[in-house]
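# Examining the three-dimensional arrangement
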Number of protein chains: 2
Amino acid sequence: MEWLDQIKWDADGLVPVIAQEQGSGDVLMFAWMNREAVARTAELGQAVYWSRSRRKLWHKGEESGHVQQVHSIRMDCDNDVLLLTITQHGHEPGIACHTGRHSCFFQRLDNGRWTSVEPVLKDPAHIYKS
Amino acid sequence: MEWLDQIKWDADGLVPVIAQEQGSGDVLMFAWMNREAVARTAELGQAVYWSRSRRKLWHKGEESGHVQQVHSIRMDCDNDVLLLTITQHGHEPGIACHTGRHSCFFQRLDNGRWTSVEPVLKDPAHIYKS
């Protein structure tokens, strides 16, 4: 598909992806997609990433139930970064982070130290069964 | 410095960085920093990126005047992505993109086509002199 061909994939065939929550505007996470992941995301209307550590497609929420409904897909001026606008399902408020927090960006630099500034909303032991 | 050591740099010694506008919450751009760029950003309170194409530090706004004042630096759960909260100076509304647009993410996927959905606020020929 032409729109997929217009994305500039990196040397590993991946593109960086930012997931931003609709409504709050909070940046919830950052991950990677390969061509198949982008195609699946557009088809499903749910975020499907490429897990670099597990080397396979990762339908976000497949284990946790915390799926991301995708409202829009944007691309930057260099055609090499994507920005998703999403609703984070499965918990209220949404939990995007595997640590049980709303956003993965919960560490803030304060006086030369990384400080955790977001609460754990749900114990990860209860998010991931088995 | 310890907080810099806690960042997980990639194989090229870089970390991906998302710049989000304070107030609007708009994601304005995505770029990379090496260790020196992150240190300079924290010192100056202005965004200093690493230009992968020019292979040098890139003090955002050094040519265009469109500097980014940094309010906070956050890090994700894997310690390998940074999120800056910024004010985009030099124009009202802020111009982060070299195309003269507010945000670099001005292309939206609509019915299988990338469509430009943000206006050019200033002609790039007038942003970059000579």
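Residues numbered from 1 in each chain as written. Chains lettered and ligands numbered in written order. Predicted model: local features only at pLDDT ≥ 70, side-chain atom pairs only at ≥ 80, totals over all residues. Heavy atoms only, no water.

For the record, the criterion: UniProt positions are given in the numbering used here, feature names are shortened, and annotations may be inferred rather than shown by experiment.
If you look chain A up in an unreviewed UniProt entry, it shows as Phosphoribosyl-AMP cyclohydrolase from Roseateles depolymerans. UniProt, in the comment section headed Function (unreviewed entry), describes chain A in these words: "Catalyzes the hydrolysis of the adenine ring of phosphoribosyl-AMP." The record held by UniProt for chain A lists under Subunit (unreviewed entry) the comment "Homodimer."

### Topic: the sheet that holds strand β5 (residues 68-75) of chain B
Stated formally: Two strands qualify as a pair provided DSSP detects at least 2 bridges between them. Working definition: helices are DSSP H or I runs of at least four residues, strands are E runs of at least two. Numbering for both runs from the N terminus. Every axis in this analysis is a line fitted to C-alpha atoms, fitted for helices over the stretch in contact. Angles between the N-to-C directions lie between 0 and 180 degrees. Note on definitions: a residue-residue contact is assigned when non-hydrogen atoms from the two residues lie within 4.5 Å.
With mixed pairing, six strands are arranged side by side in an open sheet as β8(A)-β7(A)-β5(B)-β6(B)-β1(B)-β2(B). Unpaired on one side and paired on the other, β8 (113-116) of chain A together with β2 (27-34) of chain B mark the two borders of the sheet. Ignoring strand direction, the axes of neighbouring strands in this sheet form an average angle of 35°. By the bridge criterion, four bridges tie strand β7 (residues 107-110) of chain A to β8(A) in an arrangement that is antiparallel. Among the inter-strand pairings, A:Leu109 is bridged to a residue of β8(A), identified as A:Trp114. Packed onto the sheet, helix α2 (residues 35-44) of chain B meets β7 of chain A together with β1 (14-21), β2, β5 and β6 (82-88) of chain B and runs at close to 120° relative to β2(B).

### What to know about the nonpolar core
The criterion, for reference: In these notes, a set of buried Ala, Val, Leu, Ile, Met, Phe, Trp, Tyr and Cys residues joined through side-chain atoms within 4.5 Å is what counts as a nonpolar core. Relative accessibility decides the category of a residue: with a 1.4 Å probe and only protein chains considered, values under 20% of the type maximum give buried, values over 50% give exposed, and everything between is partly exposed.
Counting residues in each nonpolar core, the largest one holds 76 residues, and the members touching the most others are A:Ile18 and B:Ile18. Apart from the residues within four sequence positions on either side, A:Ile18 is in contact with A:Val27, A:Met29, A:Phe30, A:Val81, A:Leu82, A:Leu83, A:Leu84, B:Ile18, B:Val27, B:Phe30 and B:Phe105.

### Concerning the relation of the copies chain A and chain B
Here is the rule: Alignment of the copies relies on least squares applied to C-alpha atoms, considering only residues that score at least 70 for pLDDT in both.
Each copy of the sequence occupies a distinct position, and chain A is placed on chain B by a rotation of 180° and an axial shift of 0.0 Å, giving an RMSD of 0.0 Å. Taken together, the turn and the small shift mark the pair as related by a two-fold rotation axis. No C-alpha of chain A approaches the rotation axis more nearly than that of A:Gly25, which lies at 2.7 Å. Counting the interface residues of chain A, we find that 100% of their copies in chain B are interface residues as well, pointing to one common contact surface.

### Quick word on the pattern of salt bridges
Short version of the rule: We count a salt bridge whenever a side-chain nitrogen from Lys or Arg sits within 4 Å of a carboxyl oxygen from Asp or Glu.
Under the defined criterion, the tally for this structure stands at eight salt bridges over all chains. Residue A:Arg54 is joined to A:Glu63 by a salt bridge in which the shortest nitrogen-to-oxygen separation is 4.0 Å. With a closest N to O distance of 3.3 Å, A:Glu118 and B:Arg74 form a salt bridge. In this pair, A:Glu118 sits in the loop between β8 and α3 (124-127) while B:Arg74 sits in strand β5, so the two residues belong to two different chains. Accessibility classification places A:Glu118 together with B:Arg74 in one group, the buried group.

### Description of the sheet that holds strand β5 (residues 68-75) of chain A
In any sheet, the strands associate via hydrogen bonds between backbone groups, in a parallel or an antiparallel arrangement. The mixed open sheet is built from six strands, whose spatial order is β2(A)-β1(A)-β6(A)-β5(A)-β7(B)-β8(B). One side of each edge strand has no neighbouring strand; the edge strands of this open sheet are β2 (27-34) of chain A together with β8 (113-116) of chain B. Neighbouring strand axes in the sheet, compared pairwise and without regard to direction, differ in orientation by 35° on average. Examined bridge by bridge, β5(A) and strand β6 (residues 82-88) of chain A share seven bridges and lie antiparallel to one another. The residue bridging A:Arg74 from the neighbouring strand is A:Leu83, located in β6(A). Along the sheet, helix α2 (residues 35-44) of chain A makes contact with β1 (14-21), β2, β5 and β6 of chain A together with β7 (107-110) of chain B, crossing β2(A) at roughly 120°.

### With respect to the interface of chain A and chain B
Which entries qualify depends on this criterion: Summed over both partners, buried area is the accessible surface (1.4 Å probe) that two parts give up on being assembled. Polar contacts, as counted here, are pairs of nitrogen or oxygen atoms within 3.5 Å of one another; within protein the pair requires one atom able to donate a hydrogen and one able to accept it, and residues that are adjacent in sequence qualify only if both atoms are side-chain atoms.
Taken together, the contacts link 37 residues of chain A with 37 residues of chain B. Both faces considered, chain A and chain B share a buried interface measuring about 3,000 Å² in area, 68% of it formed by carbon and sulfur atoms. Contact with chain B buries area across many residues of chain A, yet A:Arg74, A:Phe105 and A:Trp114 alone supply 24% of it, more than any other trio. For the interface between chain A and chain B, the tally reads two salt bridges. There are 18 residue pairs in polar contact (both at pLDDT 80 or more) connecting chain A and chain B.

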